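This is what each chain is made of:
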Amino acid sequence: MPAGIKAWCSRADRVLALITEVPAAILIFVQTALLFAGVVARYVFHQPVIWSDELAAILFLWLAMLGSTIALRRGAHMRLTLFVNLAPPAMRAWLEAAGSLVIALFVALIIVPAAEYAAAERFITTPALEVANSWRTSAIVVCAVLMMAVVLLRMAEQARPSRLFAVAAVGAVAAGGLWLLQPLLLAMGNFNLLVFFCGLTAVCIAIGVPIAFGFGIATLSYLALMTSVPLTVVVSRMEEGMSHLILLSVPLFVFLGLLIEVTGMARAMVSFLASLLGHVRGGLSYVLLAAMYLVSGISGAKAADMAAVAPVLFPEMKKRGAHPGELVALLSASGAMSETIPPSLVLITIGSVTGVSIAALFTGGLLPALLLALLLAVVAYFRSRREDLSAVGRPGARAIGKAFVVAIPALILPVVIRTAVVEGVATATEVSTIGIVYTAIIGILVYRTFPLRTMYPLLVETAALTGAILLIIGAATAMGWALTQSGFSRQLAEVMTRMPGGALGFLAVSVVAFAILGSVLEGIPAIVLFGPLLFPIARQVGVNEVHYAMVAILSMSLGLFAPPLGVGFYVACAIGKVDPDLALGRVWVYLAALLVGVVLIVLFPWLSIGFL
């Protein structure tokens, strides 16, 4: 690339960063302050601010779309990179160019429908603020234009024009072929769903297209070629999926998870647990499991949880002779174990897309996670037989007491979060705002570690992760709507209800299905896409919804953290700074223990619903 063009691209990238990251960071701060003010007004002054939730909902869609744009610019959208990484460098460049063109095509196809949808929404006013709804929905069209700028800039920086033209020609031929095959595809009936929602989606994911964009292009292609439905429906379904009020808690819990790391609260909890168990055989493995259980009760984002725990424990565990691959294997398994610990983002997502009570999900998730933690602890005990404890002393009561006193403010937080939601004292969104304010106060006054210079990067990181999650939810909601309108959900229900084995057979098939989906699509996409289809069937065959949610989530987490496809496994390796090859052979025994736990949860529903 000529130096002049490269410099221009660099300046354009900085401008895009400025006009997306700064507003997104401000929005998260304003959202937190607005929702916390609403909590104070409601519970302290008993004078609820009736417009606070409405304004928060308007700002939330802007945050979601700006965050999606930031995630696209940073390459932070969830995607499968296994096949791209295995390809030779020359082929990898072609695949990256193809992926960029798919993203550009999806964004180009929704810009006009998004503009039409926003224009139609100007006639609808919000009940409290009485402003046009187009102020909210215009976020989609504005950020679609920004996404197009991002992807065009990326193509200008990374791909040769000749390569882009060649890939575009292949794509045009493929699109033309589908258009010519319209009569045949229509004659196939619902079997044409395999072409679009299995074949096209699989190809997009395999070449490294972010999952949300793969879902989106498959849905747009199906509706454009197989139906007469206007494409504005895709935009409206995406907007509906991203606008559930319960999802307001997603960015707040993500931000809370990052805060407990920078304020030292996570380190205080880990240090206290290490003082109790660090001197016994396998003690630090138990500490890791217990710390993941506690920290997961604050943030709900697995990557943030693992990043908060691993750096504190891994150096000492390595000193004791632990194999680096063993550490990452245990960390990966603990991430799978803790998926049902409230306030897990997957639990919140299930509640938003299926209508299952969030409080019931939060209550039902604790015991299954505890069972899996105990099974992992048994495996860790036998795997730590060669641990060198010769230089490890047992802390005295004074040292343990001091560590406990230091950890008290941190230990209180997960208890408050779970109790408040489960007992119905406050919603998940309200509790998340309280948790952020509490963590900030404790960080400043108690731990005296609240570096203001890190706040802006944390806010931007929160926006990017939030945008990546919510765009997947929106795209999967649109895809799920298309599948439902095709009659597929009714046919699926008929097949599943006629399966041999009744409820147990249905649960067994669900375990296998969600394990496979988790390895390919990651957790939230799999849940959003198939939850609305399968949960009604679970009700039909007599399976409790909370029990089914636990089975689905933990099965999905098995696939998510299982190599070679599971993205969670590679995230754990990246956090632990360990080559995946070193952990590949060591993770299976932990996954086997998790599988045993999932089977027990399937067989004994009481583990999920006994305390409801």
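Residues numbered from 1 in each chain as written. Predicted model: local features only at pLDDT ≥ 70, side-chain atom pairs only at ≥ 80, totals over all residues. Heavy atoms only, no water.

Participant: Got a minute to help me understand the pattern of salt bridges in this structure?
Facilitator: For side chains of opposite charge, pairing can occur when their charged atoms come near one another. Overall, the coordinates contain 10 salt bridges when judged by the stated rule. Between Glu 96 and Arg 79 there is a salt bridge, with its nearest N and O atoms 3.8 Å apart. Placement of Glu 96 in helix 4 (residues 89-121) and of Arg 79 in the loop between helix 2 (52-74) and helix 3 (82-86) is noted, with a sequence separation of 17 residues between them. Arg 79 gets classed as partly exposed once you look at its relative accessible area, which sits at 26%. Glu 326 serves as the salt-bridge partner of Arg 383, at 2.9 Å between the closest nitrogen and oxygen. (Salt bridge = Lys/Arg side-chain N within 4 Å of Asp/Glu carboxyl O. Helix = DSSP H or I, 4+ residues; strand = E, 2+ residues; numbered from the N terminus. Buried < 20%, exposed > 50% of the residue type's maximum accessible area, 1.4 Å probe, protein only.)

Participant: How should I be thinking about the nonpolar core in this particular structure?
Facilitator: Within the largest apolar cluster, 214 residues are counted, with the highest numbers of intra-cluster contacts made by Phe 213, Leu 288, Met 337, Tyr 548 and Leu 594. Top element by residues in this core is helix 21 (residues 455-485). It accounts for 18 residues. Not counting residues within four places of it along the chain, the set of residues in contact with Met 337 comprises Leu 289, Met 292, Tyr 293, Ala 369, Leu 372, Ala 373, Leu 376, Leu 554 and Leu 594. (Core = buried A, V, L, I, M, F, W, Y, C linked by side-chain atoms within 4.5 Å. Contact = heavy atoms within 4.5 Å.)

Participant: How should a nonpolar patch on the surface be read in this particular structure?
Facilitator: Among the surface-exposed residues, Leu 181, Leu 184, Met 188, Phe 191 and Leu 194 lie close enough to one another that they form a single nonpolar patch of about 500 Å² accessible area. Residue placement: Leu 194 occurs in helix 8 (residues 192-206). (Patch = residues over 30% accessible without salt bridge, like charges linked within 9 Å, V, L, I, M, F, W, Y side chains within 5 Å. Areas by Shrake-Rupley, 256 points an atom, 1.4 Å probe, with all protein chains shown as cover.)

Participant: Explanation requested: helix 6 (residues 161-180) in the structure shown.
Facilitator: Owing to its 3.6 residues per turn, the α-helix aligns residues three or four sequence positions apart on the same side. The first and last C-alpha atoms of helix 6 sit 28 Å apart over 20 residues, in line with the 28 Å expected at 1.5 Å per residue. Among all positions in helix 6, only Arg 163, Leu 164 and Val 167 are buried. The buried side chains of helix 6 occupy one side of the element, clustering within an arc of 95° when seen end-on. Across helix 6 from its buried face, at more than 90 degrees, point the exposed residues Pro 161, Ser 162, Phe 165, Val 173, Trp 179 and Leu 180. Next to the buried residues of helix 6 lie helix 4 and helix 5 (134-158). (Expected span 1.5 Å × (residues − 1). Arc of directions from axis to C-beta.)

Participant: I keep staring at the packing of helix 8 against helix 21 and nothing clicks. Help me out?
Facilitator: At a minimum axis distance of 11 Å, the contact between helix 8 and helix 21 shows a crossing angle of 155°. By the angle between their directions, the pair helix 8 and helix 21 is classed as roughly antiparallel. The hand of the helix 8/helix 21 crossing is left-handed. When helix 8 is examined against helix 21, the residues Leu 193, Phe 197 and Thr 201 are found in contact with a partner set consisting of Met 479, Ala 482 and Leu 483. (Axes fitted to C-alpha atoms, helices over the stretch in contact; angles between N-to-C directions. Parallel < 35°, antiparallel > 145°, perpendicular 65-115°, else oblique. Left-handed = near helix turned anticlockwise from the far one by under 90°.)

Participant: Just checking my understanding: could you explain the confidence of the model for the chain for this structure?
Facilitator: Low-confidence regions, as indicated by low pLDDT, have predicted coordinates that should not be scrutinised in detail. Confidence along the chain averages 84 in pLDDT terms, with 95% of residues attaining 70 or more. Least confident of the elements in the chain is helix 22 (residues 488-497), whose mean pLDDT is 72; most confident is helix 28 (residues 588-603), at 93. (pLDDT = per-residue confidence, 0-100.)

Participant: Teacher, can you tell me more about the packing of helix 15 (residues 324-337) against helix 26 (residues 567-576) here?
Facilitator: Helix-helix packing is described using two parameters, namely the angle between the two axes and the distance between the axes. It is at 9 Å that the axes of helix 15 and helix 26 come closest, and there the two elements cross at 130°. When the axis of helix 15 is compared with that of helix 26, the two are oblique. Both helix 15 and helix 26 take part in a crossing whose hand is right-handed. Only Phe 569, Ala 572, Cys 573, Ile 575 and Gly 576 of helix 26 make contact with helix 15, whose side of the interface consists of Val 328, Leu 331 and Ser 332.

Participant: How do you make sense of unusual backbone geometry when you look at a structure like this?
Facilitator: Among all residues save glycine, negative phi is the norm, and among peptide bonds the norm is trans. Notably, His 46 is not glycine yet its phi reads approximately 55°, a positive angle. Summarising the element assignment, His 46 is placed in the loop between helix 1 (3-43) and helix 2.

Participant: What am I meant to see in the environment of Ala 90 here?
Facilitator: Looking at where Ala 90 falls in the secondary structure, it is placed in helix 4. Using a relative accessible area of 53% as the deciding quantity, one classes Ala 90 as exposed. For Ala 90 and Leu 345, which are 255 residues apart along the polypeptide, the C-alpha to C-alpha distance reads 38 Å.

Participant: Would you mind showing me how to read the packing of aromatic side chains here?
Facilitator: Any two aromatic rings considered together are summarised by their centre-to-centre distance and by the angle between their planes. Evaluation of the coordinates by the stated rule reveals 9 aromatic pairs. Both rings, one in Phe 196 and one in Tyr 222, keep their centres 5.8 Å apart while their planes meet at 70°; by these two values the pair is edge-to-face. Residue Phe 196 is found in helix 8, and its partner Tyr 222 is found in helix 9 (residues 211-226); the two are separated by 26 residues along the sequence. Neither Phe 196 nor Tyr 222 differs from the other in exposure class; each is buried. Taken together, a centroid distance of 5.2 Å and an interplanar angle of 20° make the contact between Phe 506 and Tyr 548 stacked. Taken together, the residues span a long stretch of sequence, with Phe 506 in helix 23 (residues 502-521) and Tyr 548 in helix 25 (residues 545-560) at a distance of 42 residues. Take Tyr 548: its relative accessible area is 0%, and that puts it in the buried class. Taken together, the aromatic side chains of Phe 506, Phe 514, Phe 535 and Tyr 548 make up a single cluster linked through ring pairs. One Lys or Arg, Arg 163, reaches over the ring of Trp 94 and ends 5.4 Å from the middle of that ring. (Phe/Tyr/Trp six-rings, centres within 6.5 Å; stacked < 30°, edge-to-face > 60°. Lys NZ or Arg CZ within 6 Å of the ring centre and 35° of its normal.)

Participant: Would you mind going over helix 10 (residues 232-242) with me for this structure?
Facilitator: The buried fraction of helix 10 amounts to 9 of the 11 residues, a majority that puts the element mostly inside the structure. Thr 232, Val 233, Val 234, Val 235, Ser 236, Met 238, Glu 239, Gly 241 and Met 242 are the residues of helix 10 that are buried. The secondary structure elements touched by the buried residues of helix 10 are helix 2, helix 4, helix 5, helix 9 and helix 21.

Participant: When you look at the side chain of Arg 163 in this model, what are you seeing that I'm missing?
Facilitator: Note that Arg 163 resides in helix 6. It turns out Arg 163 is buried and unbridged, and the closest side chain with the opposite charge, Glu 96, is 10 Å from it. Those residues within four positions of Arg 163 in sequence are excluded, and the remaining contacts are Ala 93, Trp 94 and Ala 97. (Lys, Arg positive; Asp, Glu negative; His and termini not counted.)

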